[in-house]
Amino acid sequence: MCNHQGSLDKRSALLIDPSVVGQSHLLVNTGMVRLVALRYARIAIIAENTHCDALKKYLGAEISNQVTFVPWHRRSEIRKTVRGFIAGEQFDQIIFTNLEYGIFAYMNLFHKRASSKPILWTLHSHLLKARSSGKAARIKNVVKWYFLFRAFRKVKFIVLGERIRASIEASIGSFFRRGNIVAITHPVGITKLPGRTPSAAGSLSKFPRVIFMSGWHGLSPNNKELLSKIERLPPKNHRFEFVALSNKFQAADAQREKSFLTDYADRLNEIARADFFLHLPSDSYKLQASGALMDMLLTGTPVIGLRTDFGDELTEIIGPFGYFFDKHDDLLTFFSSAELDPAEVYQFRFNLAAGCEKIVALNQAQFDAAVAS
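Residues numbered from 1 in each chain as written. Predicted model: local features only at pLDDT ≥ 70, side-chain atom pairs only at ≥ 80, totals over all residues. Heavy atoms only, no water.

Trainee: Explain the sheet that holds strand β13 (residues 303-306) residue by residue, including any values.
Mentor: The pairing of strands in a sheet happens through backbone hydrogen bonds and is either parallel or antiparallel. A sheet is described by the order of its strands in space; here five strands give the open sequence β9-β8-β12-β13-β14, paired in parallel fashion. Each edge of the open sheet is held by one strand with a lone partner, namely β9 (241-246) and β14 (322-325). Direction aside, neighbouring strands of the sheet carry axes that sit 20° apart on average. As paired elements, strand β8 (residues 209-214) and strand β12 (residues 276-279) share two bridges and run parallel to each other. Bridging from a neighbouring strand, Ile-211 pairs with Phe-277 of β12. (Pairing = 2+ DSSP bridges. Helix = DSSP H or I, 4+ residues; strand = E, 2+ residues; numbered from the N terminus. Axes fitted to C-alpha atoms, helices over the stretch in contact; angles between N-to-C directions.)

Trainee: Hey, could you go over the confidence of the model for the chain for me, with residue numbers and the actual values?
Mentor: Of the residues in the chain, 90% reach a pLDDT of 70 or more, and the chain-wide mean stands at 89. Confidence over residues 254-258 falls short of pLDDT 50; this stretch has 12 contacts with residues more than four positions distant or in other chains. (pLDDT = per-residue confidence, 0-100. Contact = heavy atoms within 4.5 Å.)

Trainee: An account of the packing of helix α8 (residues 221-231) against helix α12 (residues 328-337) is needed here, citing residue identities and associated values.
Mentor: Two numbers describe how α8 lies on α12: the axes approach to 10 Å, and their chain directions differ by 15°. Here α8 is positioned roughly parallel relative to α12, judged by the angle of their axes. Relative to α12, the crossing made by α8 is right-handed. Mapping the contact onto sequence places Asn-222, Asn-223, Leu-226, Lys-229 and Ile-230 in α8 and His-328, Leu-331, Leu-332 and Phe-335 in α12. Here the contact of α8 with α12 is built from residues that sort into five nonpolar, three polar and one charged. (Parallel < 35°, antiparallel > 145°, perpendicular 65-115°, else oblique. Left-handed = near helix turned anticlockwise from the far one by under 90°. Nonpolar A, V, L, I, M, F, W, Y, C, P; charged D, E, K, R; others polar.)

Trainee: Tell me about the environment of Ser-19, and name the residues and values.
Mentor: Looking at the secondary structure, you find Ser-19 in the loop between β1 (9-16) and α1 (26-37). Relative accessible area serves as the criterion here: at 18%, Ser-19 is assigned to the buried category. Leaving out residues up to four positions away in the same chain, Ser-19 has contacts with Trp-72, Arg-75 and Asn-98. Separated by 2.9 Å, the side chains of Ser-19 and Asn-98 make a polar contact. (Buried < 20%, exposed > 50% of the residue type's maximum accessible area, 1.4 Å probe, protein only. Polar contact = N/O pair within 3.5 Å; in protein donor to acceptor, adjacent residues only side chain to side chain.)

Trainee: Lay out empty space enclosed by the protein in plain terms, naming residues and giving numbers.
Mentor: Counting across every chain of the model gives two cavities of 30 Å³ or more. In this structure, the largest cavity occupies an estimated 50 Å³ of space. Lining of the largest cavity is provided by Leu-15, Asp-17, Asn-29, Val-33, Ile-45, Ala-47, His-51, Leu-55 and Thr-97. Broken down by secondary-structure element, the contributors of at least two residues to the lining of the largest cavity are α1, β2 (40-48) and α2 (49-59). Among the residues making up the lining of the largest cavity, the classes are represented as five nonpolar, three polar and one charged. (1 Å grid on protein atoms, 1.4 Å probe; cavity = no way out; pocket = protein on both sides within 12 Å on 5 of 7 lines; lining within 4 Å. Points joined across faces, edges and corners; volume = space filled by probe spheres on them.)

Trainee: Give me the lowdown on the pattern of salt bridges, citing residues and values where you can.
Mentor: All told, the structure shown has 18 salt bridges when counted by the stated rule. Here Glu-339 makes a salt bridge to Arg-239, at a shortest N to O gap of 4.0 Å. Residue Glu-339 is located in the loop between α12 and α13 (342-372), and its partner Arg-239 is located in the loop between α8 and β9; the two are separated by 100 residues in the primary sequence. Overall, Arg-239 belongs to the partly exposed group, its relative accessible area being 28%. A salt bridge links Arg-267 to Asp-295; the nearest nitrogen and oxygen atoms lie 3.0 Å apart. You can see Arg-267 sitting in helix α9 (residues 264-272) and its partner Asp-295 sitting in helix α10 (residues 291-299), a full 28 residues away along the chain. You can call Arg-267 buried: its relative accessible area is 13%. Take Asp-295: its relative accessible area is 3%, and that puts it in the buried class. Salt bridges sharing partners connect three or more residues here, namely Arg-163, Lys-286, Arg-307, Asp-309, Asp-312, Glu-316 and Asp-326. (Salt bridge = Lys/Arg side-chain N within 4 Å of Asp/Glu carboxyl O.)

Trainee: How would you explain the nonpolar core if you had to name every residue and give the values?
Mentor: If you look at the biggest cluster of nonpolar residues, it comprises 95 residues, and the most contacted ones within it are Met-107, Trp-121, Phe-149, Phe-157 and Ile-168. It is α1 that contributes the most residues to this core, eight residues altogether. Among residues more than four places away in sequence, those in contact with Met-107 are Val-82, Ile-86, Phe-96, Lys-112, Ile-119 and Trp-121. Grouped together as the second largest cluster of nonpolar side chains are 21 residues, Ile-230, Leu-278, Phe-334 and Phe-348 included. (Core = buried A, V, L, I, M, F, W, Y, C linked by side-chain atoms within 4.5 Å.)

Trainee: Break down the packing of aromatic side chains for me, with residues and values.
Mentor: Going through the model one piece at a time under the given rule, you end up with 21 aromatic pairs. Cluster of aromatic residues (ring-pair linked, three or more members): Phe-96, Tyr-101, Phe-104, Trp-121, Phe-147, Phe-149, Phe-152 and Phe-157. (Phe/Tyr/Trp six-rings, centres within 6.5 Å; stacked < 30°, edge-to-face > 60°.)

Trainee: Quick rundown of the pairing of β13? Include the residues and the values.
Mentor: Pairing analysis gives three bridges linking β12 to β13, with the strands arranged parallel. Residue pairing in the sheet places Phe-277 in a bridge with Val-303 of β13. Between the parallel pair β12 and β13, the chain is carried across by α10, and the sense of this crossover is right-handed. Judged from the four bridges that link them, β13 and β14 form a sheet pairing that is parallel. When the sheet's bridge partners are listed, Leu-306 is paired in β14 with Phe-325. In the classification by handedness, the crossover that spans β13, the intervening helix α11 (residues 309-318) and the parallel β14 is right-handed. (Right-handed = clockwise from strand over helix to strand, strands pointing away.)

Trainee: Give me the lowdown on the packing of α10 against α11, citing residues and values where you can.
Mentor: In the contact formed by α10 and α11, the axes pass within 10 Å of each other and the chain directions differ by 30°. The angle between α10 and α11 falls in the class roughly parallel. As α10 runs across α11, the sense of the crossing is right-handed. Of α11, the residues touching α10 (which contributes Leu-293, Met-294 and Leu-297) are Phe-310, Gly-311, Leu-314 and Ile-318. For the contact of α10 with α11, the residue count by class is six nonpolar, one polar and no charged.

See below:
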C-alpha cells in the first residue's frame, strides 16, 4: 500500500468520531489513524460500532492490533462513552475526526484538560455556507464563527486541504482566530488495489468505459440534466461506453442511521474496471475536500468531470489526472467529440499511481507540524 513510515514514541492519542456510521468517511479516517499510529504507541478510538468494524477491516491487523476500539451504539451514548473512557486520564493528543457542535461545547467546557495539547477538531462540510450573501445566512455564520473560532481558547482545527484553509480564513475575517486552522491534505489510509500499475501508452479501447456512481449528496438539477444528455447522446456521437451505478445511502438499522448501499471495496473494484470516472460535484469544493477524487488514487482511474478547487489543488500535488471542464456544455461536447491521446491518458494513470506516495509523505509532514505546534 502507500508507504507510511515514521518514528514511534511512547505518547498516547485518542481519536473520537461523534457522528459517522458504517463506511462513511472511511478513507479519511483510516488515513488519520495511520498518521497517528506512526507517532503514538498507545491509541484509542471512540466511534460508532459499525464504523469501528469498518476501520478494523480496512486498516488490517497490523494497525488494528495497536488500537483500542471503544464503540458507541446510539448518539445519545456519545458523551457518556467519552466521559467514562477519559475519566482520570490525560492523553498527549485528542483528535476529533469530525465535529459535532454539542460535544465541541461539552469538551471545551468540561474536558479540555484531558488532552495535553489543544484538542484537534476536523472540519468537513461545516462551513459550506460561509460565503452566503443573504442577511439571515450572514448572521447565522457570524454566530457559528464566534462559537468555533472565538468562544474557547486553545482550540485547533484541521481542514483537508491548503486551499480550504485559505478559503475559510478569507471567509471568516481577521476578528476570529484564523491561526488555529491547520491543513492536512485529505489523508489516504487504505491499500491501493493490486495490479493498478499503468499499462504502456497506446492501450486504449475503441470506446473507453466511463463509470458514474451516484452517492450521498445526489445530483444538482444542472448535473442531473447534464447526465441525462450524456446518456441520450445519439449512437453516431458515441466516443465512450457509459455506465451509471448507484451508491446511495440507505437506512442501516432501527435507529435509522444511514450507511452506503455498496461495500467500499466493491465500489473501488467497480471503478477500477473503468477507463474513466465521471465526476459531477454539486459543490465547488472550496470549503471541503472530495473523497471521490481521493478514491482515484486507489483505483488509478483518470477522471472526466467538472473543475473544482479541491481538484485543482490535488492536480498541483500529483500532476494532471484527468479532463476537467468549467462549463457543462464543454463537458458534454467532450463526450460527443473527444479524440483521446493514449500518451496523455497514460500520464494521468502514472500520476495517480505515484500520487498516493506523494500524498502520504505530505500528510505526515503536515500532521507532525500540526501536533508539534
